[in-house]
Amino acid sequence: MGLRAEEPLLEIKNLKVCFNTYYGVVKAVDIDHLKLLKGETLGLVGETGCGKTVTALTVLKLIPSPGGTIEDGEILFKGENLLSKKEAEMRKIRGKRISMIFQDPMSSLNPVFRVGDQASRIIVLHQDLQEKEAKEKVLQVFELVGLPSPARVFESYPHELSGGMRQRVMISMAISCNPDLLIADEPTSALDVTIQAQILRLLKDLRDKIGASIMLITHDLAVVAQICEKVAVMYAGSIVEFGTVESIFSRPLHPYTKMLLECIPRPGTRGRKLTAIHGFVPSLVDPPPGCRFHPRCPHVTDLCSKSRPGLVDLGDGHLVSCFLYKQGGGA
Amino acid sequence: MVKMRYYVARRLLLSLVVLFGVSVITFTIARVIPSEPAAMWIGFRATKEQIEKTRIQLGLDKPLYVQYYRYMLSLLQGDWGVSIRTHAPVLRDIATFLPASLELILTGLVIALVVGLPLGVISAVKKNTPADHGARLLAIGGVSIPTFWLGMILQLVFFRILGILPVAERLDTFIELTFTRVTGFYLLDAVITGNLPALQSAAIHIILPALTLAAYPLGLTTRMIRATMMEVMSEDYIRTSRAYGIPERVVRYSYALKNAVGPTITVLPLTFAYALVETFLIESVFRWPGLGRYASIAIISADYPVIIGVTILIAMTYIVLNLAADVILAYMDPRIQLR
Amino acid sequence: MRQDWNVMKRYRERVEARLPQVREIAYTWPIIRGNVLTMVGIAIVLALIVLGVLAPVISPYPEHAMGATSSEDKFQPPSFRHLFGTDELGRDIFSRVLFGIRISFMIGVIVIGLALLVGLPLGVIAGCAGGKLDEVIMRVTDMFLSFPALLLALAISAALGPALVNSMIAIAIAWWPWYTRLVRGQAVSVKERPFVEAAVATGVRRLRIIFRHVLPNCLTPIIVQASMDFGSVILTAASLSFLGLGAQPPEPEWGLMVSIGRNYFLTNWWLTTFPGFAIVITVLAFNFLGDGLREILDPRARRI
């Protein structure tokens, strides 16, 4: 299916995901609208527990079934609604057209199988190649992601590799079938800062070389600044702001976004007290009525606790979910 | 692979130490605990002179370490005593009767694993469904039922009531007369010699005792696999394999199971040794001419050398099998070699 | 099982106010209650205990369990007069099975008691002492553990001579290493706890520390294991009796009854079926209990 230039690669509309737990129903995700264009790198930012990973898992329909329910919404991938697809169809998409890279490569790789075997299994499955040809391909991809001595890595077990190498292996598994969309869930959080930089550079490289579209999930704004083009800020399960990296970083609109940016320690602020956002992340079993951020917002008004602000477009693709702003610009 | 060799060497050394300890324990049981070790060794019906001769032969008047030395020496030389009942060397008797028991045990264990592994997987994956509850009930029944009683009940149902399976022995008497033994494994021998009626006869005779023997290992396997699978299925790497579109059946029986079988394999030697001991009970119920029956008759007739001999054999088997299991486990789970 | 979150909160607040030991039990009781398996196990065990205690009173023919015979009533199939039928000496099997409860439970208590008596001190000393003593004790334990329990008990029993007492001693000897190993593992971690350090610092004598401070805190897994072992011990004892090594005639021990009944059971099925069934029920009950306990104590299952 061909894509028209403006038609998004991935579009999430009105997504509501809940989990039944012992403590009650957790309303984990409530997204009005999220778009990712072809060739774009979108950063999905937010605190731990704000629903970023759940969103990613929902795209691949990997939400554990007793417990998690997708209550409503559409996830359009190249125009097709993934949520209406059967499991068998989804299996053809996973790893082949949409791939995911997970946070902790140590626990995400099967410890009793060789790394190369795990990678070639995927290729054999999705590309109908023989084992020998699959192995060739795997070695190529290993080289592409910058793994030293790919042949030796192929024969290794996960625990024999370093953290950075493991993550490269994961990345190579993800791109081995040339997916249209790559979802990276905190790919660098489990790694040292130096390795972090390497991996990010790798992702940038891949993006340029094979034109991958990437949804990068992270809590680290610095990472976003480094490789993303667009940013979506999530809070307590909803998108509160969306726009290009430039406009978000230079002109943050939502109070939460503003405070997030203020929290980053900068050179020159040494000796001063660190800014923090007061209050706590709300319980998602019993979220605050109306705008979920309003208990912590310095600009809260009466309206904020009564109804939820939708995402409004301020005209230049910069979307924000706050009553302070009106459609088309102006406050 | 070099790491592997070190690991094996280390485990071998440890096994030898344990073997030594086992020999001390069996020595204590054979010579120290009984009030009249000589009489027990040669039989209470022996004459006073014979008993006295045995006393001197075993060195019972000498200090303990001398006795132990003689004991070990004769063990290592292959002199495990003479059966009071059969008047044959114990070691020879053991060799004669072992194949029958091995055939029974292997058949039973195969049944236990072939049924237990999938049952455990299904039970873990379909947690809290009727399938799970049924499997768990079966498993807990398997480890709770006394084997001798189960054997009898099976005989009652399948022989007495239904009349479809034989009650005892390994072969029909007529077939036995013209049967050529090659390995001692009747199922195998029947195939080798192309004796179809014998194969059929051997097969229907082995069913009930093998099922009886399989009960405990089946229950154990199901429970262990269930426990480990439940842990493994919630691991991240399972989520990864699903995220790459691996079909669920492959995820369960390949990706997950390979991680889950570890503890079950560790327990396999214990299961085998247990099965060897269970044959004492099962073979007497089914009049199966194997080591177990030989040993159970020895118990009743106070054939002491046999009891000690079989004990030593089973303990040794257990130690060797443990070593084998550790090596196999290290091969399957590469992380262990590092230790 | 869905519980109201607020009810749980209030219950928790009430419990917090009580003593720590009470707290431990109070936390686990709702979970125990919710676990069907454990409850069934507990119920059966309690029922058995009651039946065993009342055996002399409720048995229709208590004298049959204590040696009397009745040759005219040989091999009677189950009827209203003889619920489980009669055996080869005309004795009422139902009464004998009831008395058998007493024997089996006695065996369980004595064997496990002996095994704990030997195993616990050894294990806790090994765990606390560390070093050479620990090594030696654990090596010896490993050697005993190289025998399947039934086999070791069998050999020792044979060496001691066929008698119920001897078989109990034999099984205890085969069983103690399990407890040693278990308690040693516990002791190794318990001894690192601050209150032990405090006791050492205040000059409490070492032996006293080991037995008064460390040991009581190691007991939880031991209790669980011991209750699960009760069934296995009874099974082992029955197996020994079946082979001729444990209880001797005319004791109404279940394994012995099955063994003797074997000679006649193809035509008189009730001789072996009922005593054996008693074994099954008893062992099942303890296994239910143990399984349930294990599930409860698994930290992942805890939801309070």
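None of these values were measured; they are calculated from a predicted model.

Visitor: Lay out the overall build of chain A with the relevant residues and their values.
Guide: Summing up its helical and strand segments, chain A has 11 helices and 12 strands in all. Computed over the C-alpha atoms, the radius of gyration of chain A is 21 Å, within 12% of the 20 Å expected from 2.2 N^0.38 for a compact globule of 331 residues. Its C-alpha atoms give chain A principal-axis dimensions of about 65 × 50 × 45 Å. Across the 331 residues of chain A, 43% fall into the buried class. In chain A, once contacts between residues fewer than 6 apart in sequence are set aside, the share between residues at least 24 apart is 62%.

Visitor: I'd love a proper account of the overall build of chain C, names of residues and values included.
Guide: Of the regular secondary structure elements, chain C holds 12 helices and zero strands. Written out in order from the N terminus, the α and β elements of chain C read α-α-α-α-α-α-α-α-α-α-α-α. Burial statistics for chain C: of 304 residues in total, 46% are counted as buried. By sequence separation, contacts in chain C at least 24 residues apart represent 68% of the contacts at least 6 residues apart.

Visitor: Talk me through the packing of helix H7 (residues 147–161) of chain B against helix H10 (residues 196–233) of chain B; I want residue IDs and the actual numbers.
Guide: All names here are of chain B. Interhelical geometry of H7 versus H10 gives an angle of 140° and a closest axis separation of 9 Å. Crossing geometry of H7 relative to H10 is assigned as right-handed. Counting all contacts with H7, which are made through Thr147, Leu150, Gly151, Leu154, Gln155 and Phe158, the residues of H10 involved are Leu208, Pro209, Leu211, Thr212, Ala215 and Tyr216. A per-class count over the contact of H7 with H10 returns eight nonpolar, four polar and no charged.

Visitor: Outline unusual backbone geometry, supporting the account with residue identities and numerical values.
Guide: Between Pro249(C) and the following residue, Pro250(C), the backbone shows a cis peptide bond with an omega angle of 0°. Secondary-structure assignment places Pro250(C) in the loop between helix H10 (206–243) and helix H11 (254–261). One non-glycine residue with positive phi stands out, namely Lys78(A), at about 50°. Here Lys78(A) lies in the loop between strand E4 (68–77) and strand E5 (80–81). Lys78(A) sits in the partly exposed class, given 17 other C-beta atoms within 10 Å.

Visitor: Describe the nonpolar core, and please don't skip the residues or the numbers.
Guide: In this structure, Met215(A), Ala232(A), Ile307(B), Ala153(C), Ala155(C), Ile171(C) and Trp175(C) are the most contacted members of the largest nonpolar core, which totals 264 residues. The dominant element in this core, judged by the number of residues it contributes, is helix H5 (residues 93–129) of chain C, at 18 residues. Setting aside chain neighbours within four positions, we find Ala155(C) in contact with Ile29(B), Ile307(B), Ile308(B) and Thr311(B).

Visitor: Could you give an account of the interface of chain C and chain B, with specific residues and numbers?
Guide: Taken together, the contact between chain C and chain B spans 36 residues of the former and 32 residues of the latter. Among the secondary structure elements, those contributing two or more residues to the side of chain C that touches chain B are helix H6 (131–145), helix H7 (149–160), H10 and helix H12 (270–297) of chain C. With eight residues, H12(C) is the single largest residue contributor to the side of chain C that touches chain B.

Visitor: Requested: an account of the environment of Gly39(A), with residues and values cited.
Guide: All names here are of chain A. With respect to the helices and strands, Gly39 occurs in the loop between strand E2 (24–36) and strand E3 (41–45). Residue Gly39 is classed as partly exposed on the basis of its 13 C-beta neighbours within 10 Å. With 89 residues separating them along the chain, Gly39 and Asp128 place their C-alpha atoms 27 Å apart. The contact partners of Gly39, leaving out residues within four places of it in the chain, are Gly211 and Ser213.

Visitor: Explain the pairing of strand E10 (residues 238–244) of chain A residue by residue, including any values.
Guide: For a regular strand, side chains alternate in direction, first toward one face of the sheet and then toward the other. Residues and elements named next belong to chain A. Counting buried positions over the seven residues of E10 gives six, a clear majority of the element. In this sheet, E10 lies alongside strand E9 (residues 230–235) in antiparallel orientation, the contact comprising six bridges. Within E10, the position partnered with Val231 by the bridge is Gly243. Once E9 ends, the chain turns through two residues before running back antiparallel as E10, passing Ala236 with a positive phi of about 45°. Pairing of E10 with strand E12 (residues 319–320), which is carried by two bridges, proceeds in the antiparallel orientation. Looking at E12, one finds that Glu241 is bridged to Val320.

Visitor: So what's going on with the confidence of the model for chain C? Residues and values would help.
Guide: Residue and element names in this part refer to chain C. Across chain C, the average pLDDT comes to 84, with 86% of residues at 70 or higher. Segment residues 300–304 is flagged for pLDDT under 50; beyond a separation of four residues in sequence, or across chains, it makes six contacts in the model. Reported for the predicted complex are a pTM of 0.81 and an ipTM of 0.86.

Visitor: Residue-level account of the sheet that holds E3(A), with values.
Guide: Pairing is mixed across the open sheet formed by eight strands, whose spatial order is E6-E7-E8-E3-E9-E10-E12-E11 (chain A). Lying at the two open borders of the sheet, with one neighbouring strand each, are strand E6 (98–101) and strand E11 (312–313) of chain A.

Visitor: Got a sec to walk through helix H1 (residues 52–59) of chain A? Specific residues and values, please.
Guide: Residue and element names in this part refer to chain A. Within H1, eight of the eight residues are buried, which leaves the element mostly enclosed by the surrounding structure. Listed as buried for H1 are Lys52, Thr53, Val54, Thr55, Ala56, Leu57, Thr58 and Val59. In the stretch just after H1, Lys61 is the one whose phi turns positive, near 55°.

Visitor: Tell me about the environment of Gly116(B), residues and numbers included.
Guide: All names here are of chain B. Structurally, the position occupied by Gly116 is in helix H5 (residues 90–125). C-alpha of Gly116 to C-alpha of Thr222: the two residues are 106 residues apart in sequence and 4.8 Å apart in space. Not counting the four nearest positions on each side in its chain, Gly116 is found in contact with Leu218, Thr221, Thr222 and Ile225.

Visitor: Help me get a handle on the pairing of strand E1 (residues 10–21) of chain A, residues and values and all.
Guide: All names here are of chain A. Bridge analysis of E1 against E2 gives 11 bridges, and the strand direction is antiparallel. Bridging across to E2, Thr21 finds its partner in Gly24. Two successive antiparallel strands, E1 and E2, enclose a turn made up of two residues.

Visitor: How would you explain the sheet that holds E1(A) if you had to name every residue and give the values?
Guide: Residue and element names in this part refer to chain A. Within the open sheet, the four strands sit side by side as E2-E1-E4-E5. Their pairing is antiparallel. The open sheet terminates on both sides in strands that have one partner only, identified here as E2 and E5. Packing of H1 onto the sheet brings it into contact with E1, E2 and E4, and relative to E2 it is tilted by some 70°.

Visitor: Residues and numbers for the environment of Gly244(C), please.
Guide: Its place among the elements puts Gly244(C) in the loop between H10 and H11. Take Gly244(C): there are 20 C-beta atoms within 10 Å of it, and that puts it in the buried class. When the C-alpha positions of Gly244(C) and Trp175(C) are compared, they lie 20 Å apart, and in sequence the two are 69 residues distant. Once residues lying within four places of it in the same chain are set aside, the contact partners of Gly244(C) are Ile299(B), Ile300(B) and Pro162(C).

About the cut-offs
Sequence order as written defines the numbering, with residues in each chain counted from 1. Note on labels: chains are lettered from A, ligands numbered from 1, in written order. Per-residue local features of the predicted model are confined to residues with pLDDT of at least 70, and side-chain atom pairs are confined, for both listing and counting, to 80 or more; whole-chain, interface and lining totals are unaffected and use all residues. Numbering of helices and strands runs from the N terminus; a helix is a DSSP stretch of H or I covering at least four residues, while a strand is a stretch of E covering at least two. For the radius of gyration, the atom set is restricted to C-alpha positions; the globular benchmark scales as 2.2 Å times the number of residues to the power 0.38. In this scheme the burial state of a residue depends on its C-beta neighbours within 10 Å: 20 or more other such atoms mean buried, 12 or fewer mean exposed, and anything in between means partly exposed; the C-beta positions come from the backbone. For the purpose of contact definition, each residue receives a C-beta atom placed from its backbone, and two residues are in contact when these atoms lie within 7 Å. To get an axis, a line is fitted to the C-alpha atoms, and for a helix only the part in contact is used. The angle between two axes follows their N-to-C directions and goes from 0 to 180 degrees. Should the near helix be turned anticlockwise from the far one by less than a right angle, the crossing is left-handed, and should it be turned clockwise, the crossing is right-handed. Only Asp, Glu, Lys and Arg are considered charged, only Ala, Val, Leu, Ile, Met, Phe, Trp, Tyr, Cys and Pro nonpolar, and every remaining residue, Gly among them, polar. Think of a nonpolar core as buried Ala, Val, Leu, Ile, Met, Phe, Trp, Tyr and Cys residues, each tied to the set through C-beta atoms within 7 Å. Each pair of strands is called paired provided DSSP finds at least two bridges between the two strands. The score called pLDDT rates the predictor's confidence residue by residue, from a low of 0 to a high of 100.

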